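Structural characterization, general
Below are the chains, spelled out letter by letter.
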Amino acid sequence: MAKTMSLSRRQFAKAVGKTALLATAATFPAPFVKGADPITINHWSWLAASDGEIWAQMINSFNDAHKDKGVQIKMEVIPEEQYNTKVLAAAATGNAPDFGWGTAGQRAQWAQDGVIVPLDDVAKQTGLDLADFSEFSLKMARYPKYDNKLFMIPMDLMSLQPEVNIDHVKEAGLDPAAFPQDGATLIEWAKAMTKREGDKVTRSGIMMTGSGVQPTVTWGIVAEQMGFQRASDDLKTAAVNPEAGKAAMQWVLDLFDTHKVSTRDVTDRYKAFGTGQGSVFWTGPWTLNGYVEQKLPFHTYLFPKIGEKQLTYFEMGGMEFYVQPDEARYEASMQAVKWLSDNSFLWTTKGRGASPRTSLLNHPDYKTAGHSWDVRGAFVDGMAIATAGEIPVLAGPNFTIYSGGNFLAKTLEQVWAGQKKIDQAMAEIQEQWQKDLDAG
Amino acid sequence: MAMKAARGRRSADEEPVDWVAYVFVAFFTIPFLLFNIAPIFFGAYVSFTKWGIFGKPKWVGLQNFRDAFNDEFVGIAFTNTVLYGLVIVPCVVVIGFTFALYVNQRWPLSALARTLFFSPYVVSATVIGLVWVWMLDTQFGLINHYLGYLGIDNVPWLTSTNWSLLGVSIASVWWDLGLAFVLFLAALQDVPRDLYEAAEVDGASRWQRLWLIILPQLRPVISLVVTLQLISTLRIFSQVYVMTNGGPASSSSSVIFYMYNEAIQRQLFGYASAVAMLLFLLIIAITIIHRVAIRER
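Let me begin by describing the structure that accompanies this report. (Residues numbered from 1 in each chain as written. Chains lettered and ligands numbered in written order. Predicted model: local features only at pLDDT ≥ 70, side-chain atom pairs only at ≥ 80, totals over all residues.)

1. Let's talk about the overall build of chain A
Of the regular secondary structure elements, chain A holds 19 helices and 15 strands. Overall, the C-alpha framework of chain A stretches about 85 × 55 × 55 Å when taken along its three principal axes. A buried classification covers 47% of the 440 residues belonging to chain A. Looking at chain A alone, contacts between residues at least 24 apart form 77% of all its contacts between residues at least 6 apart. (Helix = DSSP H or I, 4+ residues; strand = E, 2+ residues; numbered from the N terminus. Buried ≥ 20, exposed ≤ 12 C-beta atoms within 10 Å, placed from the backbone. Contact = placed C-beta atoms within 7 Å.)

2. Things to note about the packing of helix α4 (residues 72-104) of chain B against helix α8 (residues 164-190) of chain B
Residues and elements named next belong to chain B. Running from N to C, α4 and α8 cross one another at 40°; their axes reach a closest spacing of 6 Å. With respect to α8, the axis of α4 lies oblique. Pair α4 / α8 crosses with right-handed handedness. (Axes fitted to C-alpha atoms, helices over the stretch in contact; angles between N-to-C directions. Parallel < 35°, antiparallel > 145°, perpendicular 65-115°, else oblique. Left-handed = near helix turned anticlockwise from the far one by under 90°.)

3. Some remarks on the sheet that holds strand β7 (residues 161-165) of chain A
Residues and elements named next belong to chain A. The strand order across the open sheet built from 5 strands is β8-β9-β12-β7-β13, with neighbouring strands paired in mixed fashion. Only two strands of the sheet have a single partner each, and these edge strands are β8 (195-197) and β13 (298-300). On average, each strand axis in the sheet is tilted by 25° relative to the strand beside it, whichever way the strands run. Bridge count for β7 against β13 is 3 bridges, and the pairing is antiparallel. If you follow V164 over to β13, its bridge partner there is H299. (Pairing = 2+ DSSP bridges.)

4. Quick look at helix α13 (residues 269-293) of chain B
Helical geometry note: an α-helix holds 3.6 residues per turn, so side chains three or four residues apart project in the same direction. Residues and elements named next belong to chain B. Taking 1.5 Å per residue, 25 residues should reach 36 Å; α13 reaches 36 Å between its end C-alpha atoms and fits that length. Regarding α13, the residues found buried are F269, G270, Y271, A272, S273, A274, V275, A276 and L279. The inward-facing, buried residues of α13 contact α2 (20-46), β1 (49-50), α3 (63-70), α4, α10 (206-234) and α12 (255-265). (Expected span 1.5 Å × (residues − 1).)

5. Let's talk about unusual backbone geometry
With an omega of -10°, the peptide bond running from G247 of chain B to P248 of chain B counts as cis. Structurally, the position occupied by P248 of chain B is in the loop between α11 (238-243) and α12. At A239 of chain A, a position not held by glycine, the phi torsion is positive, near 50°. Phi is positive for K295 of chain A, which is not a glycine, with a value near 60°. Summarising the element assignment, K295 of chain A is placed in the loop between α12 (288-293) and β13. The class for K295 of chain A is exposed, based on 7 C-beta atoms found within 10 Å.

6. Brief notes about the interface of chain B and chain A
If you look at the interface, chain B gives 29 residues, while chain A gives 34 residues. Only α1 (2-14) and α12 of chain B provide two or more residues apiece to the side of chain B that touches chain A. Tallying contributions element by element places α12 of chain B first for the side of chain B that touches chain A, with 3 residues. For the side of chain B that touches chain A, the residue count by class is 13 nonpolar, 12 polar and 4 charged. (Nonpolar A, V, L, I, M, F, W, Y, C, P; charged D, E, K, R; others polar.)

7. Details of the pairing of strand β6 (residues 153-159) of chain A
Residues and elements named next belong to chain A. Counting buried positions over the 7 residues of β6 gives 7, a clear majority of the element. Taken together, the 6 bridges between β6 and strand β14 (residues 312-321) define a ladder with antiparallel strand orientation. Each bridged residue has a counterpart across the sheet, and for L157 the counterpart in β14 is M316.

The analysis is restricted to geometry; functional conclusions fall outside its scope.
Structure follows, in structure tokens:
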């Protein structure tokens, strides 16, 4: 016979209370006991492609080298688009990872809020040889508005350089050894390699997309080459020389509409170049492993001088340290990052960008290790002309030229789509950026 | 007197209550309150603040709402979302109903058709998006390939500001059809056979039977499907994210996609919450208008 379970309110309340207490106790981990267990340093990364595999090798090498030394790195890969939100949520609850990947110049807000911590002192304590880093990399790792402190340990330097499909070059009767050095010749090459059906481009001489990152970053590079500045050197005036910025917008539009060497119909630029739908594609060193593995016949060259000065996009990846309730962890994390930096030969030859460390660049095997110099060389030598980096202010992401969804990209997309006049777009960009600079 | 009252309270306190029912209900109610209701109130609060997860929200009053009304891209996102509703909801209702009618007739292959019509619904929106990106590719897509046989030029489904919204809508209609189809089919099978027989005896044509018997009988289900579909379409996100990333030039952006960008990419949670509140009001308004318009008499 079934029994009905009857409890009084008081008994029920007690039972619920006990259950809740037990559940709460089970949720909290045992306290961290120093010295009793090996130290585990938590590292978050968003690298998920072939560069992620090399980075995982770096972490494994660290762990192998420190097996008996009581310290290990635990790496967790977070999807890139969720990375910032997860770090912020973790930091807000006191559970941030010890260190993770960041992009120089984009973290002014985090520096102000105390999500990332300054590293000058802890780097000194652990003996990280900052003198071995290039001056430019350290400059980019600092935030002038926050006492010019160092908020990142640079790991690799990246630039955008043209990757060129050599089969297309040969097919068009061009000389692969004489890649264009200026804008006019570049357009001639692009025209020679473009394929059309009637008026429609079916293979782009210059690989573009109708929206997103590619036209935005192209505009950013060409504009700065033509003399435009997103912010003055003192970070007080936005959009210096707007006429140059407008001329660069027209230059991008002409690729589609006047020269007809690009099509807006491409959605996935990486895939399109990999499948031969484009001949010249300016992109970064993160593409090398993939294209080399698929045996794409390509060489990489220096970005041509389209405007008054030859320059290209600059990006620096590095390790940033997140705020910890236990400050003693910073030193252990810096020891780990120091090891990773000192041993970053693999990362900076096969993984991704060029090394920021002079000792590695001068290593006799630096040019022969990794992929062939034909595909990799421009990403190392080209760092000399990579100066269009981030603007280190709170609203830095609004200024980023390598973006497909920020304020700049959304405004420019309307120009590429013929929905907004160039003058109006520039006026809006100037107004918003000035507000952003004024905000600090 | 006071002792009597105390005794009375105690006896009510000690009165055995069958709590098991509450425990069963609690398995649903507590997570629902925690994860559905509480976030709504929290979101409403955050919409009046400036907040980026780290640190305390800073009260800014109506500033986020003022910014939203002045933001050109919010206007575009809301307009697109309404357009999605205008394209997707009627298509899903009409095509879903037509498919259900076909299967309900038990014509040849109707058993296979039932599975085929429903199957897209069991696939995730992300997968649907990826498949349709390939199908709708301008140069190499299957759709343009077959349109070519009809002498139709390549259509830039996902890369033109004029077509991208329609491209995303096609994928959404294909995905959403399954649920509408099943609901309509169940309702059709509930229509009493004697009504059909009486109509046949009275000499009603097929069209008259559809118009005068089936549709009035299906009125509550049509109302349900339209409401569900409206709410689902106003929250469209995955297809937009996967297929066009809102572009080109925000032409396929939706409100939820815009909110995602503002909150997750830019950490402007206060502003994104304000936009969410505006969408919440829009959904409530549309639902009320719809309920009033298709109210059962």
